[in-house]
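Breakdown of the fold
Okay, here's what each chain looks like letter by letter:
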Amino acid sequence: MKISVFGLGYVGAVSCGCLSAMGHEVIGVDTNPTKVRLINEGRSPVVEEGINELIEANVAAGRLRATDDMVHAVMNSEMSLISVATPALPNFVPDLSAVEAVVRDIGEVLRDKPGAHTLVLRSTLPPGTTEQRLLPILTKAAGREVGDRLSLVFNPEFLREGSSVKDFNQPPQTVVGSLDEAGYVAMEQLYAGVPGEFVRTSVRVAEAVKYLCNVFHALKIVFANEAGAVLKALEVDSREVMRIFCQDRQLNISPAYLRPGFAFGGSCLPKEVKGFLTLARQADVAVPTMAGLLDSNDAHIGRAFDVIAAKGRCRVALFGLAFKPGTDDMRDSPLVVLAERLIGKGFPLAILDPNVQLARLLGKNKEYIEREVPHLEHLLRNSAEEAMEGADVIVVGHADPEARQAILAHAGARRVIDLAGYEALRAVGPAYEGLCW
């Protein structure tokens with residue numbers, strides 16, 4: 001393919017070298033004459049292991065060159081990758097002025113270009129930016145809509161300084177959001193032969209993935225450092241602890257728990273978080289991120305209450321009371337906390353949880369629920385239909401397949417608020433609402 005890469009900074013320079021090494025014909029574009037000159041001399045404008053050799057070899061082979069003439073670059077390529085900077089403004093919102101200017105300039109060139117062209121955004125953008133801000137600029141400048149020989153794509157990059165060439169050639173996945181089918185096809189051609197899954201998704205999801213990955217990376221570093229500080233104070237080798245911690249690929253280093261849903265609870269997680277925070281306080285070690293876990297969890301329960309109460313006080317059918325399906329353990333269950341808030345605010349409540357049988361409750365579990373919801377026997381129902389009778393809102397914390405079928409059959413036009421993310425419940429239609437999706 002014939003590619004133009006706008007912006008010869010870190011991402012742009014690495015992309016030029018790696019794409020040309022894959023056999024594509026690449027034109028680097030930048031307003032900085034020094035960067036253009038360095039590329040054309042076969043030298044990299046950035047310091048990065050392996051990139052100087054790639055640029056040198058591919059300039060010599062005639063597959064890579066650079067220019068400050070963006071009209072020439074667009075007219076002589078079928079795809080333009082935009083990797084210009086999006087520096088933070090004082091309020092930490094990204095400055096999109098450079099991206100907008102490049103999109104507008106490319107669009108104006110495309111107005112006079114008869115062939116098809118794909119414009120690919122790689123700079124970090126807040127979700128919604130491509131469609132809401134950049135698409136109108138592009139279509140106005142180009143005088144054509146997406147789908148009319150024009151594709152607009154968001155393709156986030158995940159290149160780490162120091163290992164970017166390896167990251168480019170061996171990505172865990174390639175994420176592509178396109179506004180038309182031709183954009184996906186063009187990107188599949190661009191990355192043909194690159195390992196890892198090619199992920200087709202929406203533009204907004206692709207934009208969000210980029211942000212979230214970096215935030216999670218920061219969170220992991222902070223978690224490890226806070227844990228390390230506490231463990232050092234306890235005279236424990238945190239490196240050895242973390243080595244063993246990371247060997248658990250079933251729960252710790254895995255997709256486990258990384259699924260938006262309801263708050264955590266039960267007999268272990270709240271207690272162990274509180275216990276570790278106590279150790280940190282006793283050792284006089286500040287752990288602000290870990291210290292915020294319980295407040296964040298409580299805020300999530302508050303979000304659920306706000307969604308339920310958004311249209312005023314109403315009768316609620318609550319499916320699930322134990323902290324998770326398949327158990328009757330209600331200790332520190334977020335659903336118990338939610339039920340308490342609803343009752344305290346005067347919401348008539350009916351509850352279905354087949355695993356919660358008052359006559360079978362024992363020990364700490366029995367003591368907890370008698371203390372928190374002393375009149376539970378008046379709230380429990382024996383069937384989904386009985387729980388939903390007279391209800392204005394159906395709230396699903398967790399529900400077995402039979403209960404979910406009953407909800408689909410009898411919900412009617414009533415609001416169904418899904419705290420767990422049951423895909424099948426979306427069939428309820430417009431009355432369906434997820435907690436954070």
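Residues numbered from 1 in each chain as written. Predicted model: local features only at pLDDT ≥ 70, side-chain atom pairs only at ≥ 80, totals over all residues. Heavy atoms only, no water.

Going by an unreviewed UniProt entry, the chain carries the name UDP-glucose 6-dehydrogenase and comes from Azohydromonas lata. What the UniProt record of the chain gives under Catalytic activity (unreviewed entry) is the line "UDP-alpha-D-glucose + 2 NAD(+) + H2O = UDP-alpha-D-glucuronate + 2 NADH + 3 H(+)". One UniProt comment on the chain, placed under Pathway (unreviewed entry), says "Nucleotide-sugar biosynthesis; UDP-alpha-D-glucuronate biosynthesis; UDP-alpha-D-glucuronate from UDP-alpha-D-glucose: step 1/1." (UniProt positions renumbered as here; feature names shortened; annotations may be inferred.)

1. Quick notes on the overall build of the chain
When helices and strands are tallied, the chain shows 17 helices and 13 strands. Dimensions of the chain along its principal axes, counting C-alpha atoms only, are 80 × 60 × 40 Å. Within the chain, counting contacts between residues at least 6 apart in sequence, those at least 24 apart form 68% of the total. Counting every atom, the chain has about 22,000 Å² of accessible surface; 54% of that belongs to carbon and sulfur. (Helix = DSSP H or I, 4+ residues; strand = E, 2+ residues; numbered from the N terminus. Contact = heavy atoms within 4.5 Å. Areas by Shrake-Rupley, 256 points an atom, 1.4 Å probe, with all protein chains shown as cover.)

2. Regarding the side chain of Ser 4
Inspection of the secondary structure puts Ser 4 in strand β1 (residues 2-6). Residue classification places Ser 4 among the buried positions, given a relative accessible area of 0%. One polar contact links Ser 4 to Ser 77, side chain to side chain, over a distance of 3.0 Å. In contact with Ser 4, other than residues within four places in its own chain, are Ile 27, Val 29, Ala 73, Ser 77, Met 79, Ser 80 and Leu 81. (Buried < 20%, exposed > 50% of the residue type's maximum accessible area, 1.4 Å probe, protein only. Polar contact = N/O pair within 3.5 Å; in protein donor to acceptor, adjacent residues only side chain to side chain.)

3. Points about the packing of aromatic side chains
Summed over the entire model, instances satisfying the criterion amount to three aromatic pairs. Judged by centre distance (6.0 Å) and plane angle (40°), the ring pair of Phe 223 and Phe 245 falls under tilted. A residue pair is termed long-range when its members are at least 10 positions apart, and Phe 223 in helix α9 (residues 203-233) and Phe 245 in helix α10 (residues 238-246) qualify at 22 residues. Judged by relative accessible area, which is 35%, Phe 223 ranks as partly exposed. (Phe/Tyr/Trp six-rings, centres within 6.5 Å; stacked < 30°, edge-to-face > 60°.)

4. Structural notes on the pattern of salt bridges
On inspection of all chains with the given rule, the structure shows 16 salt bridges. Between Arg 371 and Glu 372 there is a salt bridge, and its shortest N-O distance comes to 3.3 Å. Residues participating in the shared-partner salt-bridge network are Arg 37, Glu 41 and Arg 43. (Salt bridge = Lys/Arg side-chain N within 4 Å of Asp/Glu carboxyl O.)

5. Some remarks on helix α3 (residues 51-60)
Three or more residues of α3 are buried, namely Ile 51, Ile 55, Asn 58 and Val 59. The buried residues of α3 occupy an angular sector of 105° when projected down its axis, which confines them to one face. Exposed residues lying more than 90 degrees from the buried face of α3 are Glu 53 and Ala 60. For α3, the elements touching its buried residues are α1 (10-21), α2 (33-40), β3 (64-67) and α7 (164-169). One or two residues past the end of α3 sits Gly 62, with phi positive at roughly 85°. (Arc of directions from axis to C-beta.)

6. Considering the UniProt feature "domain: UDP-glucose/GDP-mannose dehydrogenase C-terminal" (unreviewed entry) in the chain
On the UniProt side, "domain: UDP-glucose/GDP-mannose dehydrogenase C-terminal" (unreviewed entry) is annotated at positions that read residues 317-419 here. The span residues 317-419 is 35% helical and 15% strand by assignment, and the distance between its end C-alpha atoms comes to 13 Å.

7. A closer look at the pairing of strand β11 (residues 393-396)
Burial of β11 is two-sided: the residues Val 393 and Val 395 facing one way and the residues Ile 394 and Val 396 facing the other way are all buried. Here strand β9 (residues 316-319) pairs with β11 via four bridges, running parallel. Its bridge partner being in β11, Leu 318 is matched across the sheet by Val 395. Here β11 runs beside strand β12 (residues 415-418); their pairing, made up of four bridges, is parallel. The residue of β12 that forms the bridge with Val 393 is Arg 415. Remark: the β11/helix α17 (residues 401-410)/β12 crossover connection has right-handed handedness. (Pairing = 2+ DSSP bridges. Right-handed = clockwise from strand over helix to strand, strands pointing away.)

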